[in-house]
Amino acid sequence: MSDDDAATAQASPPPESEQPTPPEQHNYWHTVLRSITQGNALVAVGAIILAVLVGSLMILFTDEEVRTTFGYIGARPSDFFAASWNAIEGAYSALFRGSVYNTNADDFLSGIRPLTETLKYAAPLILAGLGVGLAFRAGMFNIGGQGQMLLAGGAAGWIALSESLSSLTIWIHLPLAIIVGALAGALWAGLAGLLKARTGAHEVIVTIMLNYVGYYLLFFALSRQGLLQQPGSSNPKSAPAQDTAILPDLLGDRFNLHAGFLLAVAAVAFCWWLLNRSALGYRFRAVGENPHAARTAGIDVGRTYVAAMLIAGALVGLAGVNQVLGTVTSGVALDLDSGIGFDAITVALLGRSRPIGIFFAGLLFGAFKSGGFLMQASEGIPVDIVLVVQSLIVLFLAAPPLVRAVFRLPTKEAA
């Protein structure tokens, strides 16, 4: 081989199959794999799996046939295992049929009705979860979802049932009711943010106390003629909303799904943009990570607290608006929050305070709520089992090392 040929062979690249992987490409996929195996999303999935497994054990404990066959398990163990499988499979099959698709339905539209119910139940959970999660990202605990929903629902209901506004078109009356409800929730939560910024009062205590104040303010309004109480009635309930202030149905009169779900989707998109693409969202995240460092960097921490609680309260308030103008349009009542204000905390925790995570967490809990009723009706399983599973999810989320140990997930320190 001549010197020229040797030089050419040395300069030519090796075959494609022998070329080494570029370091930057290797590092990229290594980072992606590490983020999947060590991230909070996988821990959340593990928490759900563990909660379902423990819930399965509770289903076995409450099933009469399982208890009966357990009495002679030594003689015929096959009866016990068959009964156990039937109980668990029947429970979760009923949960699926009641939340996703009813396989026993006569037609497709009847079959997808459970899915529409799941979306209906998920909408307020997503909205309220976004409000709680946004406050979490700013370093605050918004435990006042109940009060914010009640005040927002009452304010939106007052606009919606007003006969003096019934001459307005739906394009004016409905947005006006939504805006007024969101502002009421924002102001109620903003009060807690203002007290924290000005006096250092802890937002957990303030928001919990504001729940009671909001409840009795709404009770007062619903118990007085001329405010919210329905004329000629002594019950603490308002008159029905005007037709021009009701969220329209998305799929017709046959289904209960209304435009509140679209409102929730829009809120998810807004929160994602706010937290990831705006300067205000950057300040929220900076204060949430380290308020002292944020203050040193020139961020007004007190003003950030107030702004975060105002937006969080508006989002939770939209959940109350969803209930009054969409789900239950027969009038404002004291139970309009339906426990959503506290369930939103669980949704925000499961979604890790990320808008997309909160969206899917809201869908999951909406499915639990929708399918739990059929599970109780068809299989005789207490609906409280669903509440236990939800509580267990929070319990396992609060103990990431336990979840990592069970599923042998690597830790960040082991990377």
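Calculation rules
- Residues numbered from 1 in each chain as written.
- Predicted model: local features only at pLDDT ≥ 70, side-chain atom pairs only at ≥ 80, totals over all residues.
- Heavy atoms only, no water.
- Helix = DSSP H or I, 4+ residues; strand = E, 2+ residues; numbered from the N terminus.
- Buried < 20%, exposed > 50% of the residue type's maximum accessible area, 1.4 Å probe, protein only.
- Contact = heavy atoms within 4.5 Å.
- Areas by Shrake-Rupley, 256 points an atom, 1.4 Å probe, with all protein chains shown as cover.
- Axes fitted to C-alpha atoms, helices over the stretch in contact; angles between N-to-C directions.
- Parallel < 35°, antiparallel > 145°, perpendicular 65-115°, else oblique.
- Left-handed = near helix turned anticlockwise from the far one by under 90°.
- Nonpolar A, V, L, I, M, F, W, Y, C, P; charged D, E, K, R; others polar.
- Polar contact = N/O pair within 3.5 Å; in protein donor to acceptor, adjacent residues only side chain to side chain.
- pLDDT = per-residue confidence, 0-100.
- Core = buried A, V, L, I, M, F, W, Y, C linked by side-chain atoms within 4.5 Å.

Here's the deal with the overall build of the chain
Broken down by element type, the chain carries 18 helices and 0 strands. Taking all 415 residues of the chain together, the buried fraction comes to 45%. Put simply, of all contacts in the chain between residues at least 6 apart along the chain, 72% involve residues at least 24 apart. Surface exposure of the chain reaches about 21,100 Å², of which carbon and sulfur atoms provide 64%.

Brief notes about helix α15 (residues 340-350)
Along α15, 8 of the 11 residues are buried, which leaves the element largely enclosed by surrounding structure. Here α15 has its buried residues at I340, G341, A344, I345, T346, V347, A348 and L350.

Description of the packing of helix α7 (residues 113-137) against helix α16 (residues 355-379)
α16 packs onto α7 with a crossing angle of 135 degrees between their chain directions and a minimal axis gap of 7 Å. Taken as axis vectors, α7 and α16 run oblique relative to one another. You can see that α7 and α16 cross each other, and the crossing is right-handed. Of the residues in α16, those in contact with P114, E117, T118, L119, Y121, A122, L125, I126, G129, L130 and G133 of α7 are P355, I358, F359, G362, L363, F365, G366, A367, K369, S370 and F373. For the contact of α7 with α16, the class distribution of residues is 14 nonpolar, 6 polar and 2 charged.

Focus on the side chain of S238
Mapping S238 onto the fold places it in the loop between α10 (203-222) and α11 (260-277). A distance of 2.6 Å separates a polar atom in the side chain of S238 from the backbone nitrogen of V332. Contacts of S238, omitting those with residues within four sequence positions, involve L161, L222, L228, Q229, Q230, S330, G331 and V332.

What about the confidence of the model for the chain?
Interpretation of the predicted coordinates at a detailed level should be avoided for regions scoring low in pLDDT. Averaged over every residue, the pLDDT of the chain is 86; residues scoring 70 or more account for 89%. Here helix α2 (residues 23-38) is the element of the chain with the lowest mean pLDDT, 45, and α11 is the one with the highest, 96. The low-confidence segment residues 28-38 (pLDDT under 50) makes 12 contacts with residues lying over four places distant or belonging to another chain.

Describing the nonpolar core
Counting residues in hydrophobic clusters, the biggest one holds 103 residues, and the most contacted among them are L130, L134, L218, F284, L325 and I393. If one sorts the elements of this core by residue count, helix α14 (residues 301-327) sits on top with 14 residues. Beyond its immediate sequence surroundings of up to four residues, L325 is in contact with A156, A160, L174, A177, I178, A245, I246 and L247.

Points about the packing of α15 against α16
One way to put it is that α15 packs onto α16 with a least axis distance of 8 Å and a crossing angle of 130 degrees. Between α15 and α16, the angle falls in the class oblique. The handedness of the crossing between α15 and α16 comes out as right-handed. Each of I340, D343, T346, V347, A348 and L350 in α15 lies in contact with α16, whose residues at this interface are I358, A361, G362, L364, F365 and K369. Considering only residue class, the contact of α15 with α16 consists of 8 nonpolar, 2 polar and 2 charged.

A look at the environment of I170
Within the secondary structure layout, I170 lies in helix α9 (residues 170-199). Overall, I170 belongs to the partly exposed group, its relative accessible area being 30%. When the C-alpha atoms of I170 and Q242 are compared, they prove to be 9.6 Å apart, with 72 residues separating the residues in sequence.

What about unusual backbone geometry?
At S338, a residue that is not glycine, the phi angle is positive and equals roughly 50 degrees. Residue classification places S338 among the partly exposed residues on the basis of a relative accessible area of 46%. Phi is positive for R352, which is not a glycine, with a value near 55 degrees. If you trace the backbone, R352 turns up in the loop between α15 and α16.

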